[in-house]
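An overview of the molecular structure
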Amino acid sequence: IPVLVDFWAAWCGPCKVLGPVLEKLAGESDGRWELAKLDTEKFPAVATKYHIRSIPNVKLFVDGQVTDEFVGALPESKVAEWLRKVLPSKYSVQLEGAKSLLRRNSLTEAREILKFIIAAESDNDQARLLLAQTYLGSDPKLAAKTVDPIKLGSQSFEGAEAIGLLAALLERAESQDSFALDSVGDLYLAAIDKVRSNNLDSALYSFIGVIRKNREYDDDGSRKACIAIFRLLGEADQVTRTHRPAFSAALY
């Protein structure tokens, strides 16, 4: 269960304003998260350990690690909005399972799990983004439509934009006359086909090959596709980490 820690002190006026707000929201959370309060005057060593320089300071702990925080006495609506963005889904285990299925290209099985999560949590943008990825190869228009509800400010927004770019590229590739004749044309189309088959590792390898030979092809299309894939997977993903150095070297 995520724990929200309110670092406060008795002399702090804003702390007295924020405290009741946090307590109210904790009471309404239906056990999704717990609130803990730490008096920085009584536990200065703990405050120092977590780099508390101004209070109130609210930190969210997930599995013992700080994952997000804010400083100052925010109004209730702002705290509630922040919580919606930063709290992990209670279906996090199922999300990890769907990610694993996606990596193995078991798209139908992943889709069933993700639809279940979205039915239970309609605002789960991460699940919606993964669901769009399952549609990307077979129905690019549906993939793009799936991420429409993901708006600016969401942690999944960059991934949603990536889905839109890749979906448009896949749709263009369905027409034989979409791309100019060039020696890298076949390699470019091969990279797009690998995106269609959800083989993003190989797709990056081929797109980077196009950049090395003719970066300007299709209006810098390979660079844009690589960035979209990196954003879709995330910087921590092993595929991203494998191809980032080669991508940078090809550009410069």
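See the structure shown above.
Residues numbered from 1 in each chain as written. Predicted model: local features only at pLDDT ≥ 70, side-chain atom pairs only at ≥ 80, totals over all residues. Heavy atoms only, no water.

Here we look at the overall build of the protein chain
Counting its regular elements, the protein chain contains 12 helices and four strands. Along the longest, intermediate and shortest principal axes, the C-alpha atoms of the protein chain span 70 × 40 × 25 Å. In the protein chain, which comprises 252 residues, the share counted as buried stands at 44%. Accessible surface, the protein chain as shown: approximately 13700 Å² in total, 52% of it carbon and sulfur. Of the side chains in the protein chain, 32 bear a positive and 35 a negative charge, and the two mean positions are spaced by 2 Å. (Helix = DSSP H or I, 4+ residues; strand = E, 2+ residues; numbered from the N terminus. Buried < 20%, exposed > 50% of the residue type's maximum accessible area, 1.4 Å probe, protein only. Areas by Shrake-Rupley, 256 points an atom, 1.4 Å probe, with all protein chains shown as cover. Lys, Arg positive; Asp, Glu negative; His and termini not counted. Charge placed at Lys NZ, Arg CZ, Asp CG, Glu CD.)

Notes on the state of the cysteines
Overall, the coordinates contain one disulfide when judged by the stated rule. Here C12 connects covalently by a disulfide to C15, the sulfurs 2.4 Å from one another. One disulfide, between C12 and C15, carries an S-S torsion of 80° and so falls in the right-handed class. Across the pair, exposure class does not vary: C12 and C15 are buried alike. (Disulfide = S-S within 2.5 Å.)

Some thoughts on the pairing of strand 4 (residues 65-71)
Sheet analysis places strand 3 (residues 57-62) next to strand 4, joined by six bridges and oriented antiparallel. Pairing of V58 across the sheet is with F70, part of strand 4. Taken together, strand 3 and the strand that follows it, strand 4, pair antiparallel across an intervening segment of two residues, in which D63 is found at a positive phi of about 55°. (Pairing = 2+ DSSP bridges.)

Observations concerning the pattern of salt bridges
When the charged atoms of two side chains lie near each other, side chains of opposite charge can form a pair. Applying the stated rule across the entire model yields 15 salt bridges. Across the pair D218 and R172 runs a salt bridge whose closest N-O atoms are separated by 2.8 Å. With D218 in helix 11 (residues 217-233) and R172 in helix 8 (residues 157-173), this residue pair connects regions lying 46 residues apart in the sequence. The class of R172 is partly exposed, set by a relative accessible area of 33%. Two residues, R196 and D193, come together in a salt bridge whose shortest N-O distance is 4.0 Å. (Salt bridge = Lys/Arg side-chain N within 4 Å of Asp/Glu carboxyl O.)

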